[in-house]
Each structure stands twice: as structure tokens, then as C-alpha cells.
Amino acid sequence: QVQLVESGGGLVQAGGSLRLSCAASGRTFSSYVMAWFRQAPGKEREFVARISWSGSRTYYVDSVKGRFTISRDNAKNTVYLQMNSLNPEDTAVYYCAADTRGWYSDYAARGMDYWGKGTLVTVSS
């Protein structure tokens, strides 16, 4: 069993930055693909970014490319999401997820094995 706890959300003005963290329990964290999703009010949960177990591969949804950076520190069992140039459309609850299937699996939300409870990011205009 893996427990994921997100932190770092908050209120920020458009153009600002936030760094989200996701702390994981369990000794097998370093073997998981980790991902960030988000869900805005009234919308479905959306994939944002993912990172391979080693951190050597990353992938982003087009809307955040060049603005967001996903990274991980396996020694600390933590994955991060650095978010720059935020805009109101980024407002959502951000969720951390763990995928035990490996990099070449699809990254739909339904395939994730473990989820955190989320952290709210609000971007004001």
C-alpha cells in the first residue's frame, strides 16, 4: 500500500509560481511512475504531467509545456510539480498519483493505482 500526501497549494496571482510536493510512503516509491492530475470545478480530472521511476523521462499535457516541470527525489520519496506563469485556467485541485504499470502504459486516470487527496491551487486574475 502506498499513501500519497500533496502539499504546496494556495492562492497566487496570475503570472506567479507555486511548487507542489507529493510525499509518498512505502519502500517501492522509486519503482513507480508518478503523475500529477488536476480537476477544475465542474470538469473531469485531467492529466498534467508524469515522470519515470528514474526521473529521466517526463511528459506533459500541451497546455502546461514550458511552464510546469515535474521532478522527483527518490531518496526523499517525493515528487514535485513546479508551476510557473500560472493563469486562471490552471485553477484546480491538483492530485498526485502512482502508476505501478511502468512508463509504456497509458496515463489515463483510471489506470493509476494510488491517489493523494489533492491540494487546491487558485490563480486570481
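Residue positions are counted from 1 within each chain, in the order its sequence is given. Restriction of local features to residues with pLDDT of at least 70 applies here, the model being predicted, together with a cutoff of 80 or more for giving and counting side-chain atom pairs; totals for whole chains, interfaces and linings are based on all residues. Side-chain figures throughout are based on the complete set of non-hydrogen atoms in the structure, without hydrogens or water.

Q: Give a detailed account of the pattern of salt bridges, specifying residues and quantitative values.
A: Definition used for salt bridges: Asp or Glu carboxyl oxygen within 4 Å of a side-chain nitrogen of Lys or Arg. Using the criterion set out here, one finds six salt bridges in the structure. In this structure, aspartate 90 and arginine 38 form a salt bridge, with 2.9 Å as the shortest nitrogen-oxygen distance. Taken together, the residues span a long stretch of sequence, with aspartate 90 in the loop between β8 (78-83) and β9 (92-99) and arginine 38 in strand β4 (residues 33-39) at a distance of 52 residues. Here aspartate 90 matches arginine 38 in class, with each residue buried. The network of salt bridges with common partners includes Arg38, Glu46, Arg67 and Asp90. Secondary structure counts use DSSP, requiring at least four H or I residues in a row for a helix and at least two E residues in a row for a strand, with both numbered from the N terminus. Between buried and exposed lies partly exposed: a residue is buried under 20% and exposed over 50% of the maximum accessible area for its type, with that area taken using a 1.4 Å probe on protein chains only.

Q: A description of the packing of aromatic side chains should follow, citing residues and the corresponding values.
A: Pairing of aromatic rings covers Phe, Tyr and Trp, the last counted by its six-membered ring, and requires centre-to-centre distances within 6.5 Å; plane angles under 30 degrees mean stacked, over 60 mean edge-to-face, and any other angle means tilted. All chains considered together, the criterion is met by seven aromatic pairs. Relative to tyrosine 114, the ring of tyrosine 32 lies with its centre 6.3 Å away and its plane at 35°, an arrangement referred to as tilted. In this pair, tyrosine 32 is assigned in the loop between β3 (18-24) and β4 and tyrosine 114 in strand β10 (residues 114-115), connecting sequence segments 82 residues apart. Where tyrosine 95 meets tryptophan 115, the ring centres are 6.3 Å apart and the plane angle is 85°; that geometry is what we call edge-to-face. Here tyrosine 95, found in strand β9, pairs with tryptophan 115, found in strand β10; they are 20 residues apart in sequence, far enough to count as distant. Assessed through its relative accessible area of 13%, tyrosine 95 is described here as buried. In textbook terms, an aromatic cluster arises when at least three aromatic residues are bridged by ring pairs, as seen for Phe37, Phe47, Tyr59, Tyr95, Tyr107 and Trp115. Whether a charge lies above a ring is judged from NZ of Lys or CZ of Arg, which has to be within 6 Å of the ring centre and within 35 degrees of the ring normal. The ring of tryptophan 115 carries arginine 45 above its face, with NZ or CZ at 4.7 Å from the centroid. The positively charged end of arginine 50 is found above the aromatic ring belonging to tryptophan 103, 4.1 Å away from the centroid.

Q: Explain the pairing of strand β1 (residues 4-7) to me, and be specific about the residues and the numbers.
A: The side-chain alternation of β1 yields one buried face, formed by Leu4 and Glu6, and one unburied face, formed by Val5 and Ser7. Where β1 and β3 come together, four bridges link them in antiparallel fashion. Within β3, the residue paired with valine 5 across the bridge is alanine 23. Strands are treated as partners if at least two bridges between them are detected by DSSP.

Q: I'd like a rundown of the state of the cysteines, residues and numbers included.
A: Here, a disulfide means two cysteine sulfur atoms that sit within 2.5 Å of each other. Counting across every chain of the model gives one disulfide. The disulfide partner of cysteine 22 is cysteine 96, and the gap between their sulfur atoms is 2.1 Å. Taking the torsion about the S-S bond as the criterion, the cysteine 22 to cysteine 96 disulfide, at about -75°, is left-handed. Residue cysteine 22 is located in strand β3, and its partner cysteine 96 is located in strand β9; the two are separated by 74 residues in the primary sequence.

Q: Lay out the side chain of glutamate 6 in plain terms, naming residues and giving numbers.
A: Its location among the elements puts glutamate 6 in strand β1. Charged residues are defined narrowly, with Lys and Arg counted positive, Asp and Glu counted negative, and His plus the chain ends left uncounted. Buried and unpaired, glutamate 6 has arginine 45 as its nearest opposite-charge partner, separated by 7.4 Å. Contacts described as polar in this section are N or O atom pairs within 3.5 Å, which, within protein, must combine one atom able to donate a hydrogen with one able to accept it, while residues neighboring in sequence count only if both atoms come from side chains. In terms of polar contacts, glutamate 6 uses its side chain to reach the backbone amide nitrogen of glycine 118, at 2.9 Å. Contacts are assigned to residue pairs that have any heavy atoms within 4.5 Å of one another. When neighbours within four sequence positions are excluded, glutamate 6 is seen to be in contact with Ser21, Cys22, Trp36, Tyr94, Tyr95, Cys96, Gly116, Lys117, Gly118 and Thr119.

Q: Go over unusual backbone geometry with me, naming the residues and quoting the values.
A: Phi is positive for asparagine 77, close to 50°, though the residue is something other than glycine. Unusually for a residue other than glycine, serine 85 sits at a positive phi of about 50°. Considering the arrangement of structural elements, one finds serine 85 in the loop between β8 and β9. Under the relative-accessibility criterion, serine 85 is labelled partly exposed at 44%.

Treat this as a map of the structure, not an account of what it does.
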